[in-house]
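# Breakdown of the fold
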Amino acid sequence: MEFPVKTGEPGSQKTACAILPIFEGHRLKGPTHEVDISCGGTLSQLVKTGSASARPGRTLLVPNLQGAATDQVLLVGCGKETKFNAKALRQAISAAANALSLTGIKEATSYLAYAPIKDLDEYYAARATVEATHSALYRFEELKSKSSGKIKLSRLPIAINDSQKAKDARLGVTHGRAISTGMGLARDLANRPANICTPSHLAEEARTIAKRYKNIQTKVLAEHDMKRLGMGAMLAVTHGAEEPARLIVLEYKGTGADVAPIAICGKGVTFDTGGISLKPPPKMDEMKFDMCGAATVMGTMEVLGILQPTINVVAVVPACENMPGSRATRPGDIVKTMSGQTVEILNTDAEGRLILCDALTYAARYKPRYLIDVATLTGACVVAVGHIYTGLFSNNEDLASDILAAGKRSLDPAWQLPVDEEYGATLRSNFADFANSGVRDGGASIAAQFLSRFVEDTPWAHLDIAGIAWKSSRDKGATGRPVPLLTDFLLNL
Ligand code: BES
Ligand code: MN
Ligand code: ZN
């Protein structure tokens, strides 16, 4: 999809459809006012009669406008002008894209970010426009026998008032398109069911990413390689599964080989039944999303391939299923991790930390500048921060604050939660160095503390995305988060 940046006068721009904001208050302003004048007051009349509303999310399509340079107009409720900020812009764009997707219109010009927006420069306004449009138009239909219908929108010019800022806006479009591609890939991978999206499927998809870019290489380790490396924890999780596990490595080289890479590690449990500590039936289908950390990391590598920033990044994805069965790991079994530490597996449903601990040890061999893992790790994190924020845990305050800032800028926010040795007390074991699960209270911090035992002094951050990686009920599906946060962090290094 194309998003050219336009800086001309709103009243005279030719377009199939102008997307215009309606703010609270009696008089139309800015581009909406200018188009209103050229069509003899049709728009202000619609506001007066109540057909058009300033209520956020409301839209009204006005066809056959007489006198204006635009054939039709989509009026979008934007609330109070003084409160129109980054989030409100994204909401307005989504509403507009949804409305346009029902019409089959091919081209429409957005004036929603025409005037400068509070807390948002032109770069981020353009980026948000592109990301929100792609997100709203995303459909997962590869497994439906019939497509659900109209979406023809393929060109969305973005109009801005300040022509000096066109270059910033164009960069925002470039980044927004790349991030949207990465999010689309992450969503596709995550939405695929576990009978299609297996560990081997993820490995194949990684190979496909690597094929597209000269400076991305991939390496896929099989179970015998893991055995050789001593990854006893990872192997314990996959033991009950027929489907073979994979450890997927993707290396992006954007600068000299002497520059330490950033390592990103994504939990890739393609289905989490809980194992012998079996999960209850309700919503168990959603455990196909337990590989959203892997999807995020792979989507982010795709973005790096497109944008080619001058950094080195290595992605490590432990991928397997967590299944019950006669070969499955039992509660009480003790394994030796790649780090040499032994773990008593008290709960086979606390499998994420078991595959991640070996993946973190493996990633640490790259001597990374930062080590960041992304995982749908704990239900406790969902209890703590719900479905809005990623839970962030870190052993390094500078790294944590850079990640928090990236989350704010990219409208993909994270909230820092504690990781502290004292949380580890409940992991004590009479039989091994420690156990893989402790008490229920503070579960997200206990899991983080478990992981911290495998990173030593490397500056490390853990993103618990259990609450934000997918949506349930009617909107069930992967969100593509936190690809925007992670990319923003990497692009700002
Ligand atoms: N994949 C789950 C976490 C999860 C559960 C994410 C529900 C999103 C929604 C993870 O493997 C898990 O089962 N965690 C357990 C840990 C517990 C056994 C210590 C949990 O959170 O209940
Ligand atoms: Mn589990
Ligand atoms: Zn899990």
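Residues numbered from 1 in each chain as written. Chains lettered and ligands numbered in written order. Predicted model: local features only at pLDDT ≥ 70, side-chain atom pairs only at ≥ 80, totals over all residues. Heavy atoms only, no water.

### Considerations on the coordination of the manganese ion (ligand 2)
Those donors, Asp272 (OD), Asp349 (O), Asp349 (OD) and Glu351 (OE), are the protein atoms that reach the manganese ion (ligand 2), and they lie 2.0 to 2.2 Å from it. Classification of the site at the manganese ion (ligand 2) rests on its six donor atoms, whose angles at the metal span 71 to 167°, yielding the label irregular. (Donors = N, O, S within 2.8 Å, 3.2 Å for Na, K, Ca; no water. Tetrahedral: all angles 85-135°; square planar, octahedral: opposite > 155°, others 65-115°.)

### Thoughts on the coordination of the zinc ion (ligand 3)
The zinc ion (ligand 3) binds to the protein through Lys267 (NZ), Asp272 (OD), Asp290 (OD) and Glu351 (OE), with metal-donor distances spanning 2.0 to 2.4 Å. Viewed at the metal, the six donor atoms of the zinc ion (ligand 3) are separated by angles of 78 to 175°, and the geometry they form is octahedral. Counting residues between consecutive donors of the zinc ion (ligand 3) along the chain gives the motif K-x4-D-x17-D-x60-E. Between the zinc ion (ligand 3) and the manganese ion (ligand 2), a spacing of 3.2 Å is present, and a bridge between the two is formed by aspartate 272. Within this pair, whereas lysine 267 is found in the loop between β9 (262-266) and β10 (268-272), its partner aspartate 290 is found in the loop between β10 and α9 (292-307), the two being separated by 23 residues in sequence. Here lysine 267 matches aspartate 290 in class, with each residue buried. (Helix = DSSP H or I, 4+ residues; strand = E, 2+ residues; numbered from the N terminus. Buried < 20%, exposed > 50% of the residue type's maximum accessible area, 1.4 Å probe, protein only.)

### What about the domain arrangement of the protein chain?
Each domain of the protein chain was delimited in the assignment, giving domain 1 (5-179) and domain 2 (192-491). Computed over C-alpha atoms, the centres of domain 1 and domain 2 are 38 Å apart. Each partner contributes to the interface: domain 1 provides 12 residues, whereas domain 2 provides 14 residues. Carbon and sulfur atoms make up 66% of the area that domain 1 and domain 2 hide from each other, which totals about 1200 Å². (Domains from an automatic or database assignment. Contact = heavy atoms within 4.5 Å. Buried area = accessible area lost by both parts, 1.4 Å probe.)

### Overview of the state of the cysteines
Scanning the entire structure with this criterion turns up zero disulfides. With no disulfide of its own, cysteine 39 lies 13 Å from the sulfur of cysteine 17, the closest cysteine sulfur. Residue cysteine 39 is classed as buried on the basis of its relative accessible area, which comes to 8%. Distance from the sulfur of cysteine 78, which forms no disulfide, to the nearest cysteine sulfur (cysteine 17) is 14 Å. Overall, cysteine 78 belongs to the buried group, its relative accessible area being 5%. (Disulfide = S-S within 2.5 Å.)

### Looking at the sheet that holds strand β13 (residues 342-345)
Read across the open sheet, the three strands follow the order β12-β13-β17; overall the sheet is mixed. Across the chains shown, the open sheet's two edge strands, defined by having one partner strand only, are β12 (333-336) and β17 (434-435). Bridge analysis of β12 against β13 gives four bridges, and the strand direction is antiparallel. Across the sheet, aspartate 333 pairs through a bridge with isoleucine 345, a residue of β13. (Pairing = 2+ DSSP bridges.)

### Here we look at the site of ligand 1
The environment of ligand 1 is formed by 16 residues, the closest being Lys279, Asp290, Asp349, Glu351 and Gly379. Residue lysine 279 places a side-chain N or O atom 2.9 Å away from an oxygen atom belonging to ligand 1. The contact in question runs from an oxygen atom of ligand 1 to an N or O atom on the side chain of aspartate 349, over 2.8 Å. Notes on ligand 1: free accessible area 520 Å², of which the protein chains cover 76%. Grouping the amino acids of the shell around ligand 1 by side-chain chemistry returns four nonpolar, five polar and seven charged. (Near = heavy atom within 4 Å. Polar contact = N/O pair within 3.5 Å; in protein donor to acceptor, adjacent residues only side chain to side chain. Areas by Shrake-Rupley, 256 points an atom, 1.4 Å probe, with all protein chains shown as cover. Nonpolar A, V, L, I, M, F, W, Y, C, P; charged D, E, K, R; others polar.)

### A word on the packing of α9 against helix α14 (residues 483-491)
Viewed as axis vectors pointing N to C, α9 and α14 meet at an angle of 45°, and their least axial separation amounts to 9 Å. Classed by the angle they form, the pair α9 and α14 counts as oblique. Handedness of the crossing formed by α9 with α14: right-handed. Along the contact surface, α9 presents Thr296, Thr300, Val303, Leu304 and Leu307, while α14 presents Val483, Leu486, Thr487, Leu490 and Leu491. Looking at side-chain class alone, the contact of α9 with α14 contains seven nonpolar, three polar and no charged residues. (Axes fitted to C-alpha atoms, helices over the stretch in contact; angles between N-to-C directions. Parallel < 35°, antiparallel > 145°, perpendicular 65-115°, else oblique. Left-handed = near helix turned anticlockwise from the far one by under 90°.)

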